[in-house]
Amino acid sequence: MTITTPSGTPVTLPPGGLAEAVDDEQRAGLIEAGRLLFARPCTFFYASQAINQLPPMTGPEVAFCGRSNVGKSSLLNALTGQKALARVSVTPGRTRQLNFFRCDEGQLTLVDMPGYGYAKASKTLKEDWQGLMFDFLRGRPTLRRVLLLMDARVEIKPADRAAIELLSDAAVAFQICITKVDDVKKAQLEKRIKELEALVKKRTAAHPLMLVTSSETGQGIPELRAELAAVARLG
Ligand SMILES: Nc1nc2c(ncn2[C@@H]2O[C@H](COP(=O)(O)OP(=O)(O)OP(=O)(O)O)[C@@H](O)[C@H]2O)c(=O)[nH]1
Ligand SMILES: [Mg+2]
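Fair warning: this is a prediction, and the values are worked out from it, not measured in the lab.

Here we look at the overall build of the protein
When you go through the protein residue by residue, the secondary structure sums to 6 helices and 9 strands. Here the protein has a C-alpha radius of gyration of 17 Å; the compact-globule value for 235 residues is 18 Å, and the two agree. Dimensions of the protein, computed from C-alpha atoms along their principal axes, come out at roughly 55 × 45 × 35 Å. Buried residues in the protein amount to 42% of all 235 residues. Contacts spanning at least 24 positions in sequence make up 72% of the contacts within the protein whose residues lie at least 6 apart.

What follows is the structure, given as structure tokens:
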């Protein structure tokens, strides 16, 4: 697949995304593909509260997964440039269903998931949404990648380690995406990146490129769009 970069150069895009870009031209091409994908409309089309009520599988899907309050819904809004596409929480535990968003007429479907590890939720509720989330992660053939979000400000929790275990055991391709980097000092961010790298180093299901983002400042959003464009192109 080729694309013309903003500087007018035609480039062939590496199927594996930014981790496979061999030069600045390929990188610019991927970033441009990401920009174009999210310049087109992205709309909510389905909410699912049970694993037997999922929408039909029509194309590649990417799920946003992570602890309650990590910033999943905010990241979805930042990506699409729509402030209120996904509901952002004032209190944790806001997203209680699987919310499906169709981007660029179905080139890509994004799935906003309930968070895990929310201590205050009642046990039954927790089992309901978290069961739904894990069942979806394990058994959805069109799910091409899971973005596993990690809050830059918060230590890695046992629930995060459990999520990595689960994705690895189920052989679901996942990519770590650090969130809220606007709110940490550089040294703390570097420490967090090192810890996460060590945690996924031996996991074959883990994507080699870690994303570093802020929905507040837009840092890392073009790169995330580029990665998602690469997923969409593979179909
Ligand atoms: N500083 C900062 N705050 C953020 C960022 N992204 C999200 N937040 C805040 O974090 C809180 C939770 O954000 P959400 O996007 O609702 O998080 P979520 O992961 O969808 O939460 P649940 O649906 O409850 O699991 C909100 O108060 C956001 O304003 C960011 O990039 N920087
Ligand atoms: Mg949410």
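Brief notes about the environment of V22
For V22, the location among the structural elements is in the loop between β2 (10-12) and α1 (24-39). When the 8 C-beta atoms within 10 Å are taken as the criterion, V22 is described as exposed. A sequence separation of 114 residues divides V22 from F136, and the C-alpha atoms of the two residues are 35 Å apart.

Let's talk about the nonpolar core
Judged by nonpolar contacts, the single largest core of 60 residues is most densely connected at L30, F64, C65, V146, L148 and L149. Once residues within four sequence positions are removed from consideration, C65 is found in contact with M113, L137, V146, L147, L148, L149 and A163.

Side note on helix α2 (residues 72-80)
An α-helical segment advances 3.6 residues per turn. Residues three or four places apart therefore align on the same side. Here α2 lies mainly inside the structure; 9 of its 9 residues are buried. Every buried residue belonging to α2 is among K72, S73, S74, L75, L76, N77, A78, L79 and T80, and all of these are buried. Positive phi appears at G81, one or two residues downstream of α2, with a value of about 70°.

Observations concerning the packing of α1 against helix α6 (residues 221-234)
Interaxial distance between α1 and α6 falls to 7 Å at its minimum, and their mutual angle equals 85°. Relative to α6, the element α1 is oriented roughly perpendicular. For the pair formed by α1 and α6, the contact residues are L30, I31, A33, G34, R35, L37 and F38 on the first element and P222, R225, A226, L228, A229, A230 and A232 on the second. Classifying every residue of the contact of α1 with α6 by side-chain character gives 11 nonpolar, 1 polar and 2 charged.

Topic: the sheet that holds strand β7 (residues 143-151)
Note on sheets: strands pair through backbone hydrogen bonds, and any given pair is parallel or antiparallel. Read from one edge to the other, the open sheet built from 7 strands follows the order β3-β5-β6-β4-β7-β8-β9, with strand pairing classed as mixed. Strands at the two margins of the open sheet, each flanked by one partner only, are β3 (42-48) and β9 (211-212). Bridge analysis of strand β4 (residues 61-66) against strand β6 (residues 108-112) gives 4 bridges, and the strand direction is parallel. Residue pairing for β6: V62 is matched across the bridge by L110. Across the sheet, helix α4 (residues 158-169) touches β4, β7 and β8 (174-179), and the angle it forms with β7 is around 165°.

Things to note about unusual backbone geometry
The phi dihedral of N69 falls on the positive side, at around 80°, and the residue is not glycine. Secondary-structure assignment places N69 in the loop between β4 and α2. Its identity as a non-glycine residue notwithstanding, E105 has a phi of 55°, on the positive side. With respect to the element layout, E105 can be found in the loop between β5 (98-103) and β6. For E105, a count of 10 C-beta atoms within 10 Å translates into the label exposed.

Notes on helix α5 (residues 186-200)
Compared with the 21 Å implied by 1.5 Å per residue over 15 residues, the 21 Å span of α5 between its first and last C-alpha is a close match. All of the buried residues in α5 are R192, L196 and V200. All buried residues of α5 fall inside an arc of 55° around its axis, so they share one side. Exposed side chains of α5 directed beyond 90 degrees from the buried face belong to K186, A187, E190, K194, E195 and A198. In the core, the buried residues of α5 are packed alongside β7, α4 and β8.

Reading the values: rules and limits
- Residues numbered from 1 in each chain as written.
- Chains lettered and ligands numbered in written order.
- Predicted model: local features only at pLDDT ≥ 70, side-chain atom pairs only at ≥ 80, totals over all residues.
- Helix = DSSP H or I, 4+ residues; strand = E, 2+ residues; numbered from the N terminus.
- Rg over C-alpha atoms; globule rule 2.2 N^0.38 Å.
- Buried ≥ 20, exposed ≤ 12 C-beta atoms within 10 Å, placed from the backbone.
- Contact = placed C-beta atoms within 7 Å.
- Core = buried A, V, L, I, M, F, W, Y, C linked by C-beta atoms within 7 Å.
- Axes fitted to C-alpha atoms, helices over the stretch in contact; angles between N-to-C directions.
- Parallel < 35°, antiparallel > 145°, perpendicular 65-115°, else oblique.
- Nonpolar A, V, L, I, M, F, W, Y, C, P; charged D, E, K, R; others polar.
- Pairing = 2+ DSSP bridges.
- Expected span 1.5 Å × (residues − 1).
- Arc of directions from axis to C-beta.

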